[in-house]
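A closer look at the structure
Single-letter residue listing:
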Amino acid sequence: MSTDCIFCKLADGRIPTQFLHEDDLVVAFKDTNPQAPVHYLIVPRAHVASVAALETQHLPAVARCLEVAQRLAREAKVERRGFRLVVNTGQDAGQTVDHLHVHLLAGRPMEWPPG
Ligand code: 5GP
Ligand code: ZN
């Protein structure tokens, strides 16, 4: 837990939010500034700044993020058309919240390469 981290506060309930999913390792909620018709954030409960700071002990939560992404994509009925998972890491990638999170984006065609 990090005292002034916004995603820690959301994950542990200090800032109330509606979870799309919650379990012992991760929570998921809607992004406040959606970039696609479906835009969810899947967030480990433990504070890890980014992929660059990952350690072996965090890997079960990372695996759970992918499992939850699959489930939420299925529930949003975008599994067949497709969806994109994004993990921005560091300044060049545009990471703005320094608590590891997976974006689940879907509901429109996505471009490649990304901007
Ligand atoms: P990043 O740019 O770090 O990859 O993604 C951070 C995401 O968190 C952004 O898409 C931003 O809209 C979202 N975000 C920032 N603050 C909040 C918040 O307080 N609540 C929610 N639900 N999303 C947030
Ligand atoms: Zn945090």
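Keep in mind it's a predicted model, so treat the numbers as computed, not measured. Counting starts from 1 at the beginning of each chain's written sequence and moves along it residue by residue. Following the order in which they are written, the chains are lettered starting with A and the ligands numbered starting with 1. At least 70 in pLDDT is required for a residue's local features to be given in this predicted model, at least 80 for side-chain atom pairs to be given and counted, and no such filter applies to totals for whole chains, interfaces and linings, which use all residues. In computing side-chain properties, one takes all heavy atoms of the structure into account and sets aside hydrogens as well as water.

1. Focus on the sheet that holds strand 1 (residues 21–22)
Two strands pair under a simple rule: DSSP has to find at least two bridges between them. Secondary structure is summarised from DSSP: a helix means a run of H or I of at least four residues, a strand means a run of E of at least two, and numbering begins at the N terminus for each. Strand order in the open sheet made by the five strands is 1-2-3-5-4, with antiparallel pairing throughout. Both edges of this open sheet fall to strand 1 and strand 4 (83–86), since each of them pairs with a single strand only. As defined by bridge partners, strand 4 adjoins strand 5 (residues 102–106) across four bridges and the pair is classed as antiparallel. Each residue of the ladder has a partner; that of F83, found in strand 5, is A106.

2. Some remarks on the site of ligand 1
Taken together, 16 residues sit near ligand 1, with K30, D31, N88, T96 and H103 positioned nearest. Contacts described as polar in this section are N or O atom pairs within 3.5 Å, which, within protein, must combine one atom able to donate a hydrogen with one able to accept it, while residues neighboring in sequence count only if both atoms come from side chains. One of the side-chain N or O atoms of T32 is found 3.2 Å from a nitrogen atom in ligand 1. A distance of 2.8 Å is found between an oxygen atom of ligand 1 and a side-chain nitrogen or oxygen belonging to N88. Surface exposure here means Shrake-Rupley accessible area, sampled with a 1.4 Å probe, where a residue is shielded only by the protein chains that are shown. In isolation ligand 1 exposes 520 Å². Once the protein is present, 81% of that is buried. Because more than half of its atoms lie within 2 Å of the grid, ligand 1 is assigned to the largest pocket. At the level of secondary structure, the elements contributing two or more residues to the shell around ligand 1 comprise helix 1 (6–11) and strand 2 (26–30). Throughout, the term near means that a residue has one or more heavy atoms lying within 4 Å of the molecule or strand in question. For cavity detection a 1 Å grid was placed over the protein atoms alone, and a set of points counts as a cavity when a 1.4 Å probe fits there but cannot get out; an open set counts as a pocket when protein lies on both sides within 12 Å along at least five of seven lines, with lining residues being those that have an atom within 4 Å of a point. Any molecule with more than half of its atoms within 2 Å of a cavity's or pocket's grid points is regarded as sitting in that cavity or pocket.

3. Focus on unusual backbone geometry
Cis geometry marks the peptide bond from W112 to P113, where omega comes out at 5°. Relative to the helices and strands, P113 resides in the segment after strand 5. Here the phi dihedral of K77 falls at roughly 60°; this positive angle occurs in a residue that is not glycine. With respect to the helices and strands, the residue K77 is situated in the loop between helix 2 (59–75) and strand 4. Judged by relative accessible area, which is 74%, K77 ranks as exposed. The buried label goes to any residue with under 20% of its type's maximum accessible area, the exposed label to any with over 50%, and the partly exposed label to all in between, with areas taken from a 1.4 Å probe on protein chains only.

4. Let's talk about the coordination of the zinc ion (ligand 2)
The donor set comprises N, O and S atoms within 2.8 Å of the metal, extended to 3.2 Å for Na, K and Ca; water molecules are omitted, so apparent gaps in a site may simply reflect that omission. Every protein donor of the zinc ion (ligand 2) is listed here as C5 (SG), C8 (SG), H47 (ND1) and H99 (ND1), and their distances to the metal cover 2.0 to 2.3 Å. Relative to the metal, the four donor atoms surrounding the zinc ion (ligand 2) lie at angles of 105 to 117°, and the coordination shape comes out tetrahedral. When its relative accessible area of 0% is taken as the criterion, H99 is described as buried. Irregular is the default label, applied whenever a site is not tetrahedral (four donors, all angles between 85 and 135 degrees) and neither square planar nor octahedral (four or six donors, opposite donors over 155 degrees apart, all other angles between 65 and 115).

5. A look at the nonpolar core
To form a nonpolar core, buried Ala, Val, Leu, Ile, Met, Phe, Trp, Tyr and Cys residues must be joined to one another through side-chain atoms within 4.5 Å. With 14 residues, the main nonpolar core has I42, V68, L72 and L104 as its most contacted residues. Where this core is concerned, the elements lending two or more residues are strand 2, strand 3 (38–44), helix 2 and strand 5. Sorting elements by how many residues they give to this core places helix 2 first, with five residues. When near neighbours in sequence (up to four residues on either side) are disregarded, L104 contacts V38, H39, Y40, I42, A69, L72, A73, F83, R84 and L85. Grouped together as the second largest cluster of nonpolar side chains are 10 residues, F7, C8, V27 and V43 included. Here, residues are in contact when the closest pair of their heavy atoms is within 4.5 Å.

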